[in-house]
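# Remarks on the overall topology
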Amino acid sequence: MNRQVTLRVNGVTQQHSVEPRLLLVYYLREVLGLTGTHVGCDTSQCGACTVLLEGQAVKSCTILAVQADGAEITTIEGLARDGKLHPLQTGFWEEHGLQCGFCTPGMIMAACQLLERIPDPSEAQIRHGLAGNLCRCTGYHNIVRAVQHAARKLLETKQR
Amino acid sequence: MIPAAFEYEAPATLMEALALLRRHRGAKLLAGGHSLLPMMKLRLAAPERLIDISRIKELAGIRESRGGGTIVIGALTPHGTLESSALLQEKCPLLAEAAAVIGDPQVRNRGTIGGSLAHADPAADLPAALLALDATLTAMGTSGARRQVPARRFFRGLLTTALRPTEVLTEITVPVLKRGTGSAYEKFANKASRFAVVGVAAVVALDRRGRCSQVAIGITGAGPKAVRAVRAEAALLGREPTAANIAAAAARASAAVGDALSDIHASSEFRLHLTEVLTRRALARAAARA
Ligand SMILES: Cc1cc2nc3c(=O)[nH]c(=O)nc-3n(C[C@H](O)[C@H](O)[C@H](O)COP(=O)(O)OP(=O)(O)OC[C@H]3O[C@@H](n4cnc5c(N)ncnc54)[C@H](O)[C@@H]3O)c2cc1C
Ligand code: FES
Ligand code: FES
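In this report, we go over the structure that sits alongside the text. Here the structure is a predicted model, which is why all the values come from computation and not from measurement. (Residues numbered from 1 in each chain as written. Chains lettered and ligands numbered in written order. Predicted model: local features only at pLDDT ≥ 70, side-chain atom pairs only at ≥ 80, totals over all residues. Heavy atoms only, no water.)

A separate point is the site of ligand 1. Taken together, the neighbourhood of ligand 1 is formed by 32 residues, with Leu29, His34, Thr112, Asp125 and Arg194 of chain B sitting nearest. Neighbouring residues of ligand 1 are not confined to a single chain but are spread across chains A and B. The backbone of Gly103 of chain B places a nitrogen or oxygen atom 3.0 Å from an oxygen atom of ligand 1. In the complex, the protein chains occlude 96% of the 970 Å² of accessible area that ligand 1 would expose alone. Only β2 (27–30), α7 (113–119) and β10 (168–175) of chain B provide two or more residues apiece to the shell around ligand 1. Per element, the largest residue contribution to the shell around ligand 1 is four residues, and it comes from α7 of chain B. (Near = heavy atom within 4 Å. Polar contact = N/O pair within 3.5 Å; in protein donor to acceptor, adjacent residues only side chain to side chain. Areas by Shrake-Rupley, 256 points an atom, 1.4 Å probe, with all protein chains shown as cover. Helix = DSSP H or I, 4+ residues; strand = E, 2+ residues; numbered from the N terminus.)

Take a look at the structure:
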């Protein structure tokens, strides 16, 4: 039997009737058309599907949409503010933190949680914080630099 | 991959959840879903009905018991909360240490202690720690009666525990470690899944003469279920934790494993080798912290 769910996705309230077996990632991609969240492995390993649920990084391929009923979700589409990219997005751009870009939305959402918890992380803390995200082409060095770039920018804006 | 269709309910109280379990025999509980949903997506499991217990407030939280001496952890507590709990870090650091090396940050945000124990994956980390701590697990049946099971009698076999299908695991009670007691968790992780190929948890207490007055060793990953290494414990009890004594005790750890698992990740010989090496390291680190 379908169930009614109400979620706030990137600040917009959404209400739909869904099958209980609908995974959150397919709700975002196919019901809401937010295709920035990717499906990589579909087996909970790669982190490409990472979104923020109540501010926490989660793998949306391993959560049912009904489990997220009532929750606040942020996807990659919700990061930019007033047409300006989030410092993590510019960080990946400036530091060449991506090649094909498939892992990037998930990387950025996981990095969001990391910088929320540790605003000035060491390289080891960045690697540890992104342990749930796999990149198959860029390699991790530039991804670490991209996160460091964002951390610096976010700290600068805080100090101002 | 899409799970087979099922009915879904999300009760707000434990009593409602128990009533649903009584009414629907084909139902399964859903906590963090990080073991059950991957299995359902692969169609290794196809329950008719999921009872999502994640909204039941009574099952959340970590608190010290009123008289002190023990810490009570709600079954829904996620691994990440165990990892960052100041109470656990101060009074029962073994649990925080083991939780911190589970999977990755996303998995630790969703996976719960109750789900991990009820699922009893042979490669799960927390069972080793709970065995070494002599934890007590509390379950509630459909009549509302509580039942307590010591960790040593909880793990029965591969993915099999002492829980009945109509019971909900409600809380886990662990001791506050006394002064002069140290603990450590050593894990050799599978590089891809991050589950334990082998994990060893140790608790060591030293008396005033520097001899071991308590030794507890929990082993996971090596065999079909997590076990206590009683012979290795006995070999170190009453002795000083010197490198030679620890090595002699660790050499007996693999006896507890019985038939070691063998798969594409590690042969049984390698698992038994890891058991000895990690026991040695865990004992040495626990003794150094005592
Ligand atoms: C990519 C990945 C990596 C992982 N790595 C590790 C690792 O390194 N180490 C590790 O230990 N684990 C690891 N896990 C497993 C993770 O810790 C799971 O979250 C955990 O094993 C199950 O907890 P859950 O809350 O998600 O349970 P669920 O998946 O919701 O439930 C699991 C089972 O337990 C039952 N159940 C749940 N709660 C209760 C309850 N309160 N009472 C009775 N029955 C209950 C359910 O019915 C189900 O049968 C990993 C998982 C993933 C996806
Ligand atoms: S698609 Fe979700 S973890 Fe890979
Ligand atoms: S940029 Fe291609 S997978 Fe990471």
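All names here are of chain B. With respect to the helices, strands and loops of the structure, Asp52 is situated in strand β3 (residues 49–52). Take Asp52: its relative accessible area is 0%, and that puts it in the buried class. A polar contact is formed between the side chain of Asp52 and the side chain of Tyr8, at a distance of 2.5 Å. Of the polar contacts made by the side chain of Asp52, one reaches the side chain of Ser54; its length is 2.6 Å. (Buried < 20%, exposed > 50% of the residue type's maximum accessible area, 1.4 Å probe, protein only.)

The next point concerns the pattern of salt bridges. Residue and element names in this part refer to chain B. The full count for this structure, using the stated rule, is 19 salt bridges over all chains. Of the charged contacts, one joins Lys91 and Glu64 as a salt bridge, the two residues approaching to 3.0 Å between their closest N and O atoms. With Lys91 in helix α4 (residues 86–91) and Glu64 in strand β4 (residues 62–64), the pair connects residues that are 27 residues apart, well separated along the chain. Judged by relative accessible area, Lys91 falls into the partly exposed class, the value being 22%. Residues joined in a network through salt bridges with shared partners are Glu97, Glu186, Arg285 and Arg289. (Salt bridge = Lys/Arg side-chain N within 4 Å of Asp/Glu carboxyl O.)

To continue, consider the packing of aromatic side chains. Residue and element names in this part refer to chain B. Tallied over the entire structure, the rule returns two aromatic pairs over all chains. With a centroid separation of 5.2 Å and an interplanar angle of 90°, the aromatic rings of Phe154 and Phe155 are classed as edge-to-face. Both residues of the pair, Phe154 and Phe155, belong to the buried class. The interplanar angle of 90° and the centroid separation of 5.7 Å between the aromatic rings of Phe188 and Phe270 together place this pair among those described as edge-to-face. With a gap of 82 residues between them, Phe188 in strand β11 (residues 181–189) and Phe270 in helix α12 (residues 268–289) connect regions that are remote in the sequence. The class for Phe270 is partly exposed, based on a relative accessible area of 32%. The ring of Phe188 carries Lys191 above its face, with NZ or CZ at 5.9 Å from the centroid. (Phe/Tyr/Trp six-rings, centres within 6.5 Å; stacked < 30°, edge-to-face > 60°. Lys NZ or Arg CZ within 6 Å of the ring centre and 35° of its normal.)

On to the interface of chain A and chain B, then. Every contact between the two is made by 34 residues of chain A and, on the other side, 31 residues of chain B. At the boundary of chain A with chain B, total buried surface from both sides reaches about 2,500 Å², with 51% on carbon and sulfur atoms. When the buried area of chain A at its contact with chain B is split by residue, Arg21, Thr62 and Gln67 of chain A rank highest and sum to 25% of it. A salt bridge links Lys41 of chain B to Asp42 of chain A, with the nearest nitrogen and oxygen atoms 2.7 Å apart. In this assembly, chain A and chain B are joined by 16 residue pairs in polar contact (both at pLDDT 80 or more). Secondary-structure elements contributing two or more residues to the side of chain A that touches chain B are β3 (50–53), β4 (56–59), α3 (104–117) and α4 (123–129) of chain A. (Contact = heavy atoms within 4.5 Å. Buried area = accessible area lost by both parts, 1.4 Å probe.)

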